[in-house]
Amino acid sequence: MTAKPGSFTFSNGKPLSFEDQVAVALRRLSSGESLVTVGDSFGLHRSTVSQLTWRFVEAMEERALHHLQWPSTSAERMEIKSKFEKIQGLPNCCGVIDTTHVMMCLPSADPASKVWLDREKNHSMVLQAIVDPEMRFRDIITGWPGKIDDWLMFQSSNFYKLCDKGERLNGEMFELSNGSEIREYIIGDLGYPLLPYLVIPYQGKELPEISMEFNKRHSATRLVASRALARLKEMWKIIQGVMWRPDKHKLPRITLVCCLLHNIVIDLEDDDAQDEMPLSYDHDPGYRQRICGSLDVNGVHLRDKLSLYLSGKLPP
């Protein structure tokens, strides 16, 4: 930001320092208030607030992307898997996948707005995230219209392509006492397909006890993603409310920067501060679960092995 030319002044003529410029951008992203409201609170014109926010977003894209990445070392992956196992016992789990909608207020008379109209009759854009046990975002994809199904969005992602080629979730196996192994995987809800590396709950009303127990543990572990997305929107309110006629090319970039800031805050705080965060899980009110229903036979085998292991019914 300091390398880019441009002088900004308050309404009293005093120049804004670099810290002032960052403060204005952070205020805009965290409060979700309008450009006019943020400008009035600092003594700035709305266009200055807009310019400063966008300069900050661009700087974050250039310099901060390393704050959101898939764990690159074996030690880092082991730590993540160990922390997931401590939640509800799921072994070798590497992440939880979930989606949330970023709402937009668009002119209904404009035919281009129809693309963004979702099944709940809101204009929205989707954010899909894979979260680690400390609520950090490890992989995200955004920019798709809100009506897209979770599984289609996942299949369009680079993460899916890497998994299919065997280049992701390909680390150490977890050995079971009967000699079989459990590979690395992520977990998600029924909006996703059951894949060899993506485990979803059992579906049905009268499930055997072993499957019900698995679903209970699976659901409790999945809450980390709901909590992360709720916290993201709570802390960076620009993507929490209904955004007034946003630029569809800029909104995914703003969402990415909010995710980067979310991770930076987690890296800066201690465990006690995380525990004090409000336990909100409702990041997508009014959106009903859509069911994918697709099952891969290797995914079925993995889920059955996991439920057997968690039930304690494997031979010692």
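Residues numbered from 1 in each chain as written. Predicted model: local features only at pLDDT ≥ 70, side-chain atom pairs only at ≥ 80, totals over all residues. Heavy atoms only, no water.

Student: Report on helix α4 (residues 74-88), specifying residues and quantitative values.
Tutor: An ideal rise of 1.5 Å per residue puts 21 Å on 15 residues; α4 measures up with 22 Å between its terminal C-alpha atoms. When we look at burial in α4, the residues that qualify are Ile80, Lys81 and Phe84. Looking straight down α4, one finds its buried side chains confined to an arc of 95°; they lie on one side. The exposed residues of α4 that point more than 90 degrees off its buried face are Ala75 and Lys86. The positive-phi residue at the C-terminal boundary of α4 is glycine 89, with phi of around 90°. (Helix = DSSP H or I, 4+ residues; strand = E, 2+ residues; numbered from the N terminus. Expected span 1.5 Å × (residues − 1). Buried < 20%, exposed > 50% of the residue type's maximum accessible area, 1.4 Å probe, protein only. Arc of directions from axis to C-beta.)

Student: For the packing of helix α1 (residues 18-31) against helix α2 (residues 35-42), give the residues involved together with the corresponding values.
Tutor: Relative to each other, α1 and α2 sit at 140°, their axes nearing to 10 Å. With respect to each other, α1 and α2 are oriented oblique. Crossing angle aside, the handedness with which α1 passes α2 is right-handed. Mapping the contact onto sequence places Ala23, Val24, Arg27, Arg28 and Ser31 in α1 and Leu35, Val38, Ser41 and Phe42 in α2. (Axes fitted to C-alpha atoms, helices over the stretch in contact; angles between N-to-C directions. Parallel < 35°, antiparallel > 145°, perpendicular 65-115°, else oblique. Left-handed = near helix turned anticlockwise from the far one by under 90°. Contact = heavy atoms within 4.5 Å.)

Student: So what's going on with the packing of α2 against helix α3 (residues 46-63)? Which residues, and what values?
Tutor: Contact pair α2 / α3: the axes reach a minimum separation of 8 Å and the direction vectors enclose 100°. Taken together, α2 and α3 sit at an angle that is classed as roughly perpendicular. Facing Leu35, Val36, Val38 and Gly39 of α2, the residues of α3 in contact are Arg46, Val49 and Ser50. Classifying every residue of the contact of α2 with α3 gives four nonpolar, two polar and one charged. (Nonpolar A, V, L, I, M, F, W, Y, C, P; charged D, E, K, R; others polar.)

Student: Describe the side chain of threonine 53, listing the residues and the values that go with them.
Tutor: Relative to the elements of secondary structure, threonine 53 occurs in helix α3. Assessed through its relative accessible area of 7%, threonine 53 is described here as buried. Excluding its chain neighbours within four sequence positions, the residues that come into contact with threonine 53 are Ala25, Arg28 and Leu29.

Student: Any chance you could break down the UniProt feature "domain: DDE Tnp4" (unreviewed entry) in the chain for me, citing the residues and the numbers?
Tutor: The residues that UniProt annotates with the feature "domain: DDE Tnp4" (unreviewed entry) are residues 97-263. Spanning residues 97-263, this segment combines 32% helix with 23% strand, and its end C-alpha atoms are found 16 Å apart. (UniProt positions renumbered as here; feature names shortened; annotations may be inferred.)

Student: Lay out the pattern of salt bridges in plain terms, naming residues and giving numbers.
Tutor: Counted according to the given criterion, the structure contains 17 salt bridges. Across the salt bridge formed by lysine 81 and glutamate 184, the nearest N and O atoms sit 2.7 Å from each other. You can see lysine 81 sitting in helix α4 and its partner glutamate 184 sitting in the loop between β5 (181-182) and β6 (185-187), a full 103 residues away along the chain. Across the pair arginine 136 and glutamate 134 runs a salt bridge, and its minimum N-O distance is 2.8 Å. For the pair arginine 136 and glutamate 134, a shared accessibility class is recorded, and that class is buried. (Salt bridge = Lys/Arg side-chain N within 4 Å of Asp/Glu carboxyl O.)

Student: An account of α3 is requested, with residue identities and associated values reported.
Tutor: Between its terminal C-alpha atoms α3 stretches 26 Å, which fits the 26 Å expected from 18 residues at 1.5 Å a residue. Where α3 is buried, its residues contact α1, α2 and α8 (251-268).

Student: Before we move on, can you summarise the pairing of strand β1 (residues 93-105) with the specific residues and values?
Tutor: Where burial is concerned, most of β1 is hidden: 12 out of the 13 residues are buried. Looking at chain direction, β1 and β6 are connected through three bridges and run parallel. Bridge pairing in β6 places glycine 95 opposite isoleucine 186. Relative to strand β2 (residues 123-131), β1 is paired through nine bridges, and the arrangement is antiparallel. Residue pairing in the sheet places threonine 100 in a bridge with leucine 127 of β2. (Pairing = 2+ DSSP bridges.)

Student: Can you lay out the nonpolar core for me, pointing to particular residues and giving the numbers?
Tutor: Core analysis: the largest hydrophobic core is formed by 57 residues, its most contacted members being Leu29, Phe56, Phe137, Ile140, Tyr185 and Leu232. Element by element, the count of residues in this core is highest for α8, at nine residues. If we ignore the near neighbours within four places in the chain, the residues touching phenylalanine 137 are Leu68, Ala129, Ile130, Val131, Ala228, Leu229, Leu232, Cys259, His262 and Asn263. In terms of nonpolar packing, the next biggest core, distinct from the first, is built from 17 residues, Trp70, Cys94, Tyr192 and Leu194 among them. (Core = buried A, V, L, I, M, F, W, Y, C linked by side-chain atoms within 4.5 Å.)

Student: Lay out the environment of tyrosine 192 with the relevant residues and their values.
Tutor: Take tyrosine 192: it is sitting in the loop between β6 and β7 (198-199). Spatially, the C-alpha atom of tyrosine 192 lies 22 Å from that of methionine 103, the residues being 89 residues apart in sequence. Among the polar contacts listed, one links the side chain of tyrosine 192 to the side chain of glutamine 128, at a separation of 2.9 Å. (Polar contact = N/O pair within 3.5 Å; in protein donor to acceptor, adjacent residues only side chain to side chain.)

Student: Outline the pairing of β2, supporting the account with residue identities and numerical values.
Tutor: Along β2, nine of the nine residues are buried, which leaves the element largely enclosed by surrounding structure. Burial along β2 is two-sided: the face carrying His123, Met125, Leu127, Ala129 and Val131 and the face carrying Ser124, Val126, Gln128 and Ile130 are both buried. Hairpin connection between β2 and strand β3 (residues 137-145): a loop of five residues separates the two successive antiparallel strands, and methionine 135 in this loop has a positive phi of roughly 70°.

Student: Go over unusual backbone geometry with me, naming the residues and quoting the values.
Tutor: With a phi close to 70°, asparagine 92 is a non-glycine residue in the positive phi region. With respect to the secondary-structure elements, asparagine 92 resides in the loop between α4 and β1. With a phi angle near 70°, methionine 135 is a residue other than glycine that sits in the positive phi range. Structurally, methionine 135 can be placed in the loop between β2 and β3.

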